[in-house]
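Structural characterization, general
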Amino acid sequence: MYLTEQLAQEIVDRTMAILPYNINVMDQEGKIIGSGDQQRLSTKHEAASDVLRRKEAVEIGVSDTENWNGVKEGINLPIFFQGEVLGVVGITGAPDVTRGYGELVKMTTEMIIEQAYLQKQLQLDERIKEEFVHQLLNGYKLDENLFFEKAKALHVDLLLPRVIIVVKSAFFEVDRKQKLERMINHLLESDDLAVTTYTGEIVIVKAVSMKYDRWEKERTISTVEKWLAHLIKIDPAVKLAMGNYTSTYKRLDQSFNEAKDTLTVGEKLTPEKNMFVYDDLSIYVFMSKLANQMENNPFVELIHRLKEDDESGHLQMTLNMYIQENGKAMNTANKLFIHRNSLQYRLERIKEITGKDPRNYQDLLELYLSLVINDFASEK
């Protein structure tokens with residue numbers, strides 16, 4: 001630990017807010033690095049050098065100032081930190097008057113330095129913990145013993161079952177995004193971890209409850225929904241996606257990828273929603289991967305045939321509505337405001353064009369898959 005100009009000036013400002021005297025702070029070379037008198041900054045304080053050498057207070061009276069260069073009457077005291085002299089703090093004024101404030105100023109100065117040191121250590125610990133969480137999310141292959149030792153030092157229990165939650169903010173402004181991060185850190189439970197990724201997502205590594213070796217998913221979802229209610233107040237467009245739980249830290253990267261994929265799929269399928277759960281969308285996540293991995297995808301070709309013969313889009317709209325209504329003809333016709341015979345005509349046209357009959361459940365499934373996969377394939 002060493003005195004910086006910023007910390008020294010903070011000591012001066014905070015001390016002078018309660019004392020009617022000028023305060024100087026000198027470094028280990030006796031140079032003034034913080035002062036209520038800006039003209040004295042960066043000047044050498046000879047008395048401070050004597051304090052550093054003797055490690056005890058030095059008083060300067062009016063008659064003594066003639067024997068020192070760049071020194072005014074007052075009292076100068078050593079600043080101790082962890083048993084070592086870190087610098088000197090001085091109070092300008094007649095020693096008989098300022099002497100009573102000496103120990104108070106010294107104690108206040110050392111307390112401010114201790115607070116700054118602890119804050120710095122906390123920030124360092126947070127950076128180390130963030131890097132550790134990044135390693136968990138990316139599945140780095142590290143020595144297991146070393147990994148557990150690191151987790152122990154950071155007070156992270158690697159044996160807890162966990163699930164990954166990805167939070168995506170609509171904010172680009174740093175201050176508003178930081179407000180969201182602070183709220184998340186406030187909401188986290190004792191064994192939860194959070195980190196902001198290099199791509200700007202906030203990732204929560206959430207500890208989950210188990211009952212009879214089964215994940216109490218509804219309990220986790222209930223907690224996350226309560227979190228979401230708070231986050232929406234800050235960012236109404238915030239999106240949150242949860243992967244599947246894992247009983248081992250070694251598969252947290254899998255839960256992370258599931259959460260990211262679920263977020264992408266959820267935003268595509270139901271953009272009006274704020275929360276998506278992998279278990280609810282796992283089939284769509286699978287189809288999105290399929291759509292982007294296959295060349296000459298037969299499902300995409302199927303819907304393309306329909307599009308080519310459906311310039312008005314009526315057949316595609318009819319197929320979508322028919323699927324939404326679970327193949328119920330009367331409900332579909334009513335929703336489309338058409339006669340049931342018109343609906344049957346359109347369904348027949350779909351069959352003629354695609355070779356798949358929507359009134360057949362297997363064919364309807366293939367048509368449905370083609371619609372969904374085509375949506376994802378169009379993102380490439």
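Provided above is the structure to which this section pertains.
So, here's what we can say about the structure.

This brings us to the overall build of the protein. Helix and strand counts for the protein stand at 13 helices and twelve strands. Its C-alpha radius of gyration of 34 Å places the protein more than 25% over the 21 Å reference for a compact globule of 380 residues. Overall, the protein is about 115 × 45 × 35 Å in size when its C-alpha atoms are taken along their principal axes. When the 380 residues of the protein are sorted by exposure, 44% land in the buried category. Sequence-distant contacts, at least 24 apart, represent 57% of the contacts inside the protein between residues at least 6 apart. Surface summary for the protein: the accessible area is close to 21,200 Å², and the carbon and sulfur share equals 49%. Treating the 47 positive side-chain charges of the protein as one cloud and the 59 negative ones as another, the clouds have centres 5 Å apart.

Counting residues in hydrophobic clusters, the biggest one holds 34 residues, and the most contacted among them are Phe132, Leu137, Leu158 and Ile164. Mapped onto this core, the elements with two or more residues apiece are α3 (95-138), α4 (144-153), β6 (162-168), β7 (193-196), β8 (202-207), α7 (252-269), α8 (278-293) and α13 (361-377). Element by element, the count of residues in this core is highest for α8, at six residues. For phenylalanine 132, the contacting residues outside a window of four places in its chain are Phe147, Lys150, Ala151, Leu154, Val156 and Leu158.

Relative to the assigned elements, asparagine 22 resides in the loop between α1 (5-16) and β1 (23-26). On the accessibility criterion, asparagine 22 (16% relative accessible area) is buried. What asparagine 22 contacts, discounting residues up to four positions off in sequence, is Met16, Ser35, Gly36, Asp37, Gly90, Ile91 and Thr92.

Here five strands make up an open sheet; going across it, the order is β2-β1-β5-β4-β3 and the pairing antiparallel. The open sheet has two edge strands with one neighbour each: β2 (32-35) and β3 (58-60). The average undirected angle you get between the axes of adjacent strands in this sheet is 25°. Strands in contact with α1 are β1 and β2; relative to β2, the strand with the most contacts, it is inclined by about 35°.

Between helix α5 (residues 174-187) and helix α6 (residues 217-234), whose axes approach to 10 Å, the crossing angle comes to 160°. Between α5 and α6, the interaxial angle falls into the category roughly antiparallel. Note on packing geometry: the crossing formed by α5 with α6 is right-handed. For the pair formed by α5 and α6, the contact residues are Arg176, Lys179, Leu180, Met183, Ile184 and Leu187 on the first element and Trp227, His230, Leu231 and Ile234 on the second. Tallied by class, residues from the contact of α5 with α6 come to seven nonpolar, one polar and two charged.

Taken as a whole and assessed by the stated rule, the structure comprises six aromatic pairs. Relative to tyrosine 101, the ring of tyrosine 21 lies with its centre 5.6 Å away and its plane at 50°, an arrangement referred to as tilted. Of this pair, tyrosine 21 sits in the loop between α1 and β1 while tyrosine 101 sits in helix α3, and the two are 80 residues apart along the sequence. In textbook terms, an aromatic cluster arises when at least three aromatic residues are bridged by ring pairs, as seen for Phe132, Phe147, Phe148 and Tyr249.

Mapped onto the elements of the fold, glutamate 325 is located in the loop between α10 (314-324) and α11 (329-336). Every residue in contact with glutamate 325, bar those within four places of it in the chain, is listed here: Asn331, Thr332 and Lys335.

The end-to-end C-alpha distance of helix α12 (residues 340-354) is 21 Å, a good match for the 21 Å that 15 residues give at a rise of 1.5 Å each. Of all the positions in α12, only Leu343, Arg346, Leu347, Ile350, Ile353 and Thr354 are classed as buried. For α12, the arc enclosing every buried residue in end-on projection is 125°, short of the 170-degree limit, so these residues lie on one face. Exposed side chains of α12 directed beyond 90 degrees from the buried face belong to Asn341, Tyr345 and Glu352. Immediately beyond the C-terminal end of α12, within one or two residues, lies glycine 355, with a positive phi of roughly 80°.

Across all of its chains, the model carries one cavity of 30 Å³ or more by this definition. Looking at the largest cavity, its volume works out to about 50 Å³. For the largest cavity, the full set of lining residues is Asn24, Arg40, His45, Lys72, Glu73, Gly74, Ile75, Asn76, Gly90, Ile91 and Thr92. Elements supplying a minimum of two residues to the lining of the largest cavity: β4 (74-81) and β5 (84-92). For the lining of the largest cavity, the per-class residue count stands at two nonpolar, six polar and three charged.

Okay, the pairing of β5 next. Within β5, seven of the nine residues are buried, leaving the element largely enclosed by the surrounding structure. When β1 meets β5, the two strands line up antiparallel, connected through four bridges. The residue bridging isoleucine 23 from the neighbouring strand is isoleucine 91, located in β5. Here β4 pairs with β5 via eight bridges, running antiparallel. In the strand pairing of β5, glycine 74 is matched with threonine 92.

Before going further, it helps to spend a moment on the environment of tyrosine 117. Following the sequence through the fold, tyrosine 117 ends up in helix α3. Given the relative accessible area of 22%, tyrosine 117 is considered partly exposed. Sequence separation between tyrosine 117 and tyrosine 2 is 115 residues, and the spatial gap between their C-alpha atoms is 9.4 Å.

The rules behind each value
Residues numbered from 1 in each chain as written. Predicted model: local features only at pLDDT ≥ 70, side-chain atom pairs only at ≥ 80, totals over all residues. Heavy atoms only, no water. Helix = DSSP H or I, 4+ residues; strand = E, 2+ residues; numbered from the N terminus. Rg over C-alpha atoms; globule rule 2.2 N^0.38 Å. Buried < 20%, exposed > 50% of the residue type's maximum accessible area, 1.4 Å probe, protein only. Contact = heavy atoms within 4.5 Å. Areas by Shrake-Rupley, 256 points an atom, 1.4 Å probe, with all protein chains shown as cover. Lys, Arg positive; Asp, Glu negative; His and termini not counted. Charge placed at Lys NZ, Arg CZ, Asp CG, Glu CD. Core = buried A, V, L, I, M, F, W, Y, C linked by side-chain atoms within 4.5 Å. Pairing = 2+ DSSP bridges. Axes fitted to C-alpha atoms, helices over the stretch in contact; angles between N-to-C directions. Parallel < 35°, antiparallel > 145°, perpendicular 65-115°, else oblique. Left-handed = near helix turned anticlockwise from the far one by under 90°. Nonpolar A, V, L, I, M, F, W, Y, C, P; charged D, E, K, R; others polar. Phe/Tyr/Trp six-rings, centres within 6.5 Å; stacked < 30°, edge-to-face > 60°. Expected span 1.5 Å × (residues − 1). Arc of directions from axis to C-beta. 1 Å grid on protein atoms, 1.4 Å probe; cavity = no way out; pocket = protein on both sides within 12 Å on 5 of 7 lines; lining within 4 Å. Points joined across faces, edges and corners; volume = space filled by probe spheres on them.

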